[in-house]
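Each chain, letter by letter, is given below.
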Amino acid sequence: MNSLGLFIYKVIRSFRYAFAGILRGFQERNMKVHGIAAILVLLLGAWLPLTHTEWYIILLLIAAVFAAELINTGIEEICNMLRDDLGLAYTATKHARDVAAGAVLILAIAAAGIGISIFLPK
């Protein structure tokens, strides 16, 4: 395989790993909650007259919340591995878990507030 073919193969493989990560994320309870909320927002947006800019904002916020939740899930997975491999108590990784979850909460609250400001006047 030439260098271009190897490059293309590696890029395709990295996308496959990324999609597997997204699917793994949707096995988590909170990601399912965000997914249901996103579906409801998209349905409401389809029913109401939204501008292109409002759609861009909504889609960007949905993507941001999903990305934050995936990062949070990754941090939790690392914490689980460290806890198990080092024989630590859950409390040893609690601070990292709480901070990551707090970041998702801040973004979700901001997204909800912006969503309300878009939808309420309609």
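For the structure itself, consult the block above.
Reading the values: rules and limits
- Residues numbered from 1 in each chain as written.
- Predicted model: local features only at pLDDT ≥ 70, side-chain atom pairs only at ≥ 80, totals over all residues.
- Heavy atoms only, no water.
- Helix = DSSP H or I, 4+ residues; strand = E, 2+ residues; numbered from the N terminus.
- Expected span 1.5 Å × (residues − 1).
- Polar contact = N/O pair within 3.5 Å; in protein donor to acceptor, adjacent residues only side chain to side chain.
- Core = buried A, V, L, I, M, F, W, Y, C linked by side-chain atoms within 4.5 Å.
- Buried < 20%, exposed > 50% of the residue type's maximum accessible area, 1.4 Å probe, protein only.
- Phe/Tyr/Trp six-rings, centres within 6.5 Å; stacked < 30°, edge-to-face > 60°.
- Lys, Arg positive; Asp, Glu negative; His and termini not counted.
- Salt bridge = Lys/Arg side-chain N within 4 Å of Asp/Glu carboxyl O.
- Contact = heavy atoms within 4.5 Å.
- Axes fitted to C-alpha atoms, helices over the stretch in contact; angles between N-to-C directions.
- Parallel < 35°, antiparallel > 145°, perpendicular 65-115°, else oblique.
- Nonpolar A, V, L, I, M, F, W, Y, C, P; charged D, E, K, R; others polar.

For helix α1 (residues 3-25), built from 23 residues, the straight-helix expectation of 33 Å at 1.5 Å per residue is met to within 8% by its first-to-last C-alpha distance of 33 Å. For α1, the side-chain oxygen to backbone nitrogen distance between the N-cap and Gly5 is 2.6 Å, and the N-cap itself is Asn2.

Turning our eyes to something else, we now look at the nonpolar core. When a protein is soluble and globular, its nonpolar side chains tend to lie buried together. Judged by nonpolar contacts, Ala38, Leu48, Leu50, Ile58, Ile62, Ile118 and Phe119 together constitute the single largest core of 7 residues. Of all elements in the fold, only α3 (52-86) and α4 (94-119) reach the threshold of two or more residues within this core.

Before going further, it helps to examine the packing of aromatic side chains. The relative placement of two aromatic rings is captured by the distance of their centres and the angle of their planes. The tally for this structure, following the rule as stated, stands at 1 aromatic pair. Ring plane angle 75 degrees and centroid distance 5.4 Å describe the contact between Phe26 and Phe66, whose orientation is recorded as edge-to-face. Of this pair, Phe26 sits in the loop between α1 and α2 (29-47) while Phe66 sits in helix α3, and the two are 40 residues apart along the sequence.

Quick look at the side chain of Arg97 now. Structurally, Arg97 is set in helix α4. Salt bridges are absent for the buried Arg97, whose nearest opposite-charge side chain, Glu76, sits at 5.2 Å. The residues touching Arg97, leaving out its near neighbours within four places in the chain, are Asn72, Glu76, Cys79, Asn80, Arg83 and Tyr90.

Moving on to the packing of α2 against α3. Between α2 and α3, the least distance of the axes is 10 Å, while the angle of their chain directions is 175 degrees. Between α2 and α3, the interaxial angle falls into the category roughly antiparallel. When α2 is examined against α3, the residues Asn30, Met31, His34, Gly35, Ala38, Val41, Leu42, Gly45 and Ala46 are found in contact with a partner set consisting of Trp55, Ile58, Leu59, Ile62, Val65, Phe66, Glu69 and Leu70. Here the contact of α2 with α3 is built from residues that sort into 12 nonpolar, 4 polar and 1 charged.

Here we take up the pattern of salt bridges. Here the structure, examined in full by the defined rule, presents 5 salt bridges. Here Glu54 makes a salt bridge to Lys122, at a shortest N to O gap of 3.1 Å. Here Glu54, found in helix α3, pairs with Lys122, found in the segment after α4; they are 68 residues apart in sequence, far enough to count as distant. By relative accessible area, Glu54 is classed as buried at 16%. When the shortest N-O distance is used, the salt bridge between Asp98 and Lys94 registers 2.5 Å. In this pair, Asp98 and Lys94 both sit in helix α4, 4 residues apart, roughly one turn of the helix.

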